[in-house]
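Residue-level structural notes
Residues per chain are reported as follows:
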Amino acid sequence: MKEYTGRQIAIFTDAHGLLEPTKAVLEDISERGIIEIYSLGDNIGVGPNPSEVLDLLDEYNVISIAGNSEDYVTLGSSPFMAYFNTLKEQSRLWTLSKLNERQIGEIKLFPHSIELLVGGKKLALCHFANDVRIDFMKNSTWTYQSRIDYGMKGYPQFMYTNSPEQLEEIDDIIRKYGIDNPFVKGYLSAKDEPLFRRKRVDFFDTIIQGHVHWKIYEKSPKTDFYSIRAVGMAYGKDSVDTASYVILKEHNESFDLEEVLVKYDREKMISSILSSDSPDYSIRRFVNMKR
């Protein structure tokens, strides 16, 4: 019989500088009395209010993981030039211009994964179970979504993380290009602070991640994978005027995972997007704007 401990954990992801849905979620979490709160990264990037979102996370004592948008700030664009273009670089520089020194300093301290024990289960939180600092083409959110779209299992690509092949690749790239090459910064970061402290994904009972932007739940023989919906982005059958997060409710055997949808001021968010001087309009597509 389940016996609940009273411990509740709130998790959201991919705020992407969207203040209104992030605020609605954090207010709802606070009203429920939940004080253990995690963001899975990409708090900034593309959206119109990166500085305000980071201040809001500080106000609610949110513990944040670094996503690729945070890596663009700390590592620069050189490690990601394989898919960066002029617009993405302009967007990165625009976001950086909106942040103050304190915020940039805090971002530099964000870990790339967090391990928890919840209801006796080994849980890992990350932005994506393939390391976005180095593994963003061969094993990426696009390849993951494509596997799912074609009716295949998506999680096998996560088995590459911390495999002997990946560790060898990291060392080979560093040797080939040298530590002073800006391209190598992502590899050096991954070597100095490895995802999951170099554990394989099947060490964990559950991995909860963001990055994908919409909800995908999968089970492997050893590990449950939860890709949770981006906090302010709606896809498919999701209501466009609701923000999203999940609550873990710990009990003696494991935990229950519940998705929570919260109403937010969508018109105000749209107004912020339309009045922003950001060079990147892709946020309009991400939030299903019709104008």
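Note: strands within a sheet are paired through backbone hydrogen bonds, in either parallel or antiparallel orientation. Spatial ordering of the open sheet is given by 3-2-1-9-10, a layout of five strands whose pairing is mixed. The open sheet is flanked by strand 3 (63-64) and strand 10 (255-263), the only strands paired with a single partner. Pairing of strand 1 (residues 4-12) with strand 2 (residues 36-39), which is carried by four bridges, proceeds in the parallel orientation. In the strand pairing of strand 2, Ile 9 is matched with Glu 36.

The next thing to look at is the nonpolar core. Phe 12, Leu 26, Ile 29, Met 233, Tyr 245, Ile 283 and Val 287 are the most contacted members of the largest nonpolar core, which totals 34 residues. Elements with a minimum of two residues in this core: strand 1, helix 1 (19-31), helix 2 (50-59), strand 9 (242-251), strand 10, helix 9 (266-275) and helix 10 (282-286). At five residues, helix 1 tops the list of elements feeding residues into this core. Sequence-distant contacts of Met 233, that is, excluding residues within four places in its chain, are made with Asp 14, His 16, Leu 18, His 213, Ile 283, Phe 286 and Val 287.

Quick look at helix 1 now. Because an α-helix packs 3.6 residues into every turn, residues spaced three or four apart end up facing the same way. The end-to-end C-alpha separation of helix 1 is 18 Å, in line with the 18 Å expected for 13 residues at 1.5 Å each. Looking only at helix 1, the buried set comprises Leu 19, Glu 20, Pro 21, Thr 22, Ala 24, Val 25, Leu 26, Asp 28 and Ile 29. Looking at the buried residues of helix 1, the elements they touch are strand 1, strand 2, helix 2, strand 9, strand 10 and helix 9.

Moving on, we come to the packing of helix 2 against helix 5 (residues 101-108). The N-to-C vectors of helix 2 and helix 5 enclose an angle of 65°; their axes lie 11 Å apart at closest approach. The handedness of the crossing between helix 2 and helix 5 comes out as left-handed. For the pair helix 2 and helix 5, the contacting residues are Ser 51, Leu 54, Asp 55 and Asp 58 in the first and Arg 102, Gln 103, Glu 106 and Ile 107 in the second. Of the residues in the contact of helix 2 with helix 5, the class split is two nonpolar, two polar and four charged.

Moving on to the confidence of the model for the protein. Averaged over every residue, the pLDDT of the protein is 96; residues scoring 70 or more account for 99%. Within the protein, helix 10 has the poorest average pLDDT of any element, 90, and strand 2 the best, 99.

With that out of the way, let us pick up the sheet that holds strand 5 (residues 121-126). Spatially, five strands are ordered 4-5-6-8-7 in an open sheet, and the strand pairing comes out mixed. The sheet terminates laterally at strand 4 (113-118) and strand 7 (216-219), the two strands that pair on one side only. Averaged over all adjacent pairs, the angle separating strand axes in this sheet is 15°, with direction ignored. Pairing analysis gives four bridges linking strand 5 to strand 6 (residues 206-209), with the strands arranged parallel. Bridge assignment links Ala 124 to a residue of strand 6, and that residue is Ile 207. Strand contacts of helix 6 (residues 141-149): strand 6, strand 7 and strand 8 (224-227), with the helix running at about 75° to strand 7, the strand carrying the most contacts.

Moving on: the packing of aromatic side chains. We describe a pair of aromatic rings using the distance from one ring centre to the other and the angle between the two ring planes. Throughout the structure, instances matching the rule amount to 18 aromatic pairs. Ring geometry for Tyr 217 against Tyr 226: centres 4.7 Å apart, planes inclined by 70°, an arrangement best described as edge-to-face. Residue Tyr 217 is classed as partly exposed on the basis of its relative accessible area, which comes to 37%. By way of ring pairs, the aromatic residues Tyr 72, Phe 80, Tyr 83, Phe 84, Phe 136 and Trp 142 are connected into one cluster. Just above the ring of Phe 84 sits the side chain of Lys 88; from NZ or CZ to the centre is 5.3 Å. It is Lys 199 that lies over the ring of Phe 203; its NZ or CZ is 5.4 Å from the centre.

Criteria and thresholds
- Residues numbered from 1 in each chain as written.
- Predicted model: local features only at pLDDT ≥ 70, side-chain atom pairs only at ≥ 80, totals over all residues.
- Heavy atoms only, no water.
- Pairing = 2+ DSSP bridges.
- Helix = DSSP H or I, 4+ residues; strand = E, 2+ residues; numbered from the N terminus.
- Core = buried A, V, L, I, M, F, W, Y, C linked by side-chain atoms within 4.5 Å.
- Buried < 20%, exposed > 50% of the residue type's maximum accessible area, 1.4 Å probe, protein only.
- Contact = heavy atoms within 4.5 Å.
- Expected span 1.5 Å × (residues − 1).
- Axes fitted to C-alpha atoms, helices over the stretch in contact; angles between N-to-C directions.
- Left-handed = near helix turned anticlockwise from the far one by under 90°.
- Nonpolar A, V, L, I, M, F, W, Y, C, P; charged D, E, K, R; others polar.
- pLDDT = per-residue confidence, 0-100.
- Phe/Tyr/Trp six-rings, centres within 6.5 Å; stacked < 30°, edge-to-face > 60°.
- Lys NZ or Arg CZ within 6 Å of the ring centre and 35° of its normal.

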